[in-house]
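Structure assessment
Residue-level listing of the chains:
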Amino acid sequence: MVGMGLIMLAISWLGNILRWRGTLEKACWFLWCALLSFPSGFVAVLAGWFTAEVGRQPWVVYGLLRTKDTVTPSLKTGDVITSLLAYIIDYAVIYAFGLYYIYRLLKEGLEEDSVGAGGATPGRPLATETGNRE
Amino acid sequence: MTALEPSSLALFWAGVIAVAIVVYATLDGFDLGVGALFGTTRQAQLRSQMIAAISPFWDGNETWLVVIGASLYAAFPVAYAVFMAPFYLPVLLLLLGLIFRGVAFEFRITTSRSLG
């Protein structure tokens, strides 16, 4: 997560330096870097979650209530495997379509009127003007 | 107080869960119902109206389900264990359905091709 943050800072500072020099629009390599860095926010969020949550068992007490004491007795191995696989498939499908839609939004480029918050639905900042296309 | 008489804390949490179930059934019944009726029309305009009617509220309404589950888990862990053991896979299907439903709200906006 920290690494992704440094990469984001590097890209934004580099972009400002290039703009200050007036060569931002001509630096094709940098524009490609900026385009390809679009998943960096998602990667950073997921990496942060992994750091915070992997191996975390807040229901055990060190030395007193061990992991083997906290296993749900009624839970069958098959159920756990089924639910884990179901979640993996579920998230794989959703992330694949999410990437596809992000790619399509990037390909279409900015709309002139998408800057203002006019068409945004309350509480859904991502759902801006694009929703009024149909 | 005899041993069979419930404590006032247990009564309080039973009340919280009962209220949460009623509020959940009422509020989320509204947007799940609109979701069920969504399949009855293919007109894009009607479908957009349906989505617009529930999109600011549906996720708030679903939060009552979290209140029910968390209260049951924290206040009545034995009841939670009895409930969750046989209903593990049905609850999994419920959660997967809610995940796809929630994502569908966000993805629908980004599709340019009309689904109607």
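A brief report on the enclosed structure follows. (Residues numbered from 1 in each chain as written. Chains lettered and ligands numbered in written order. Predicted model: local features only at pLDDT ≥ 70, side-chain atom pairs only at ≥ 80, totals over all residues. Heavy atoms only, no water.)

What follows covers the interface of chain B and chain A. Of the residues lining the interface, 21 residues belong to chain B; the matching set on chain A comes to 24 residues. The tally of links between chain B and chain A comes to 0 salt bridges. At the surface where chain B touches chain A, the tally comes to 1 residue pair in polar contact (both at pLDDT 80 or more). Put simply, the parts of the chain that give the side of chain B that touches chain A at least two residues each are α2 (44-54), α3 (58-75) and α5 (88-110) of chain B. No other element matches α5 of chain B, which puts 13 residues into the side of chain B that touches chain A. (Contact = heavy atoms within 4.5 Å. Salt bridge = Lys/Arg side-chain N within 4 Å of Asp/Glu carboxyl O. Polar contact = N/O pair within 3.5 Å; in protein donor to acceptor, adjacent residues only side chain to side chain. Helix = DSSP H or I, 4+ residues; strand = E, 2+ residues; numbered from the N terminus.)

On to the environment of L89 of chain B, then. With respect to the element layout, L89 of chain B can be found in helix α5. Overall, the relative accessible area of 33% leaves L89 of chain B in the partly exposed class. Non-local contacts of L89 of chain B, meaning those with residues more than four positions away in its chain, are made with D79 and T82 of chain A. (Buried < 20%, exposed > 50% of the residue type's maximum accessible area, 1.4 Å probe, protein only.)

The next point concerns the nonpolar core. All names here are of chain B. In terms of nonpolar packing, the biggest core is built from 7 residues, these being V34, F38, M50, I51, I54, W58 and F105. The element contributing the most residues to this core is α2, with 3 residues. Formed by 5 residues, the second largest nonpolar core is a distinct cluster that contains I17, Y24, I68 and L72. (Core = buried A, V, L, I, M, F, W, Y, C linked by side-chain atoms within 4.5 Å.)

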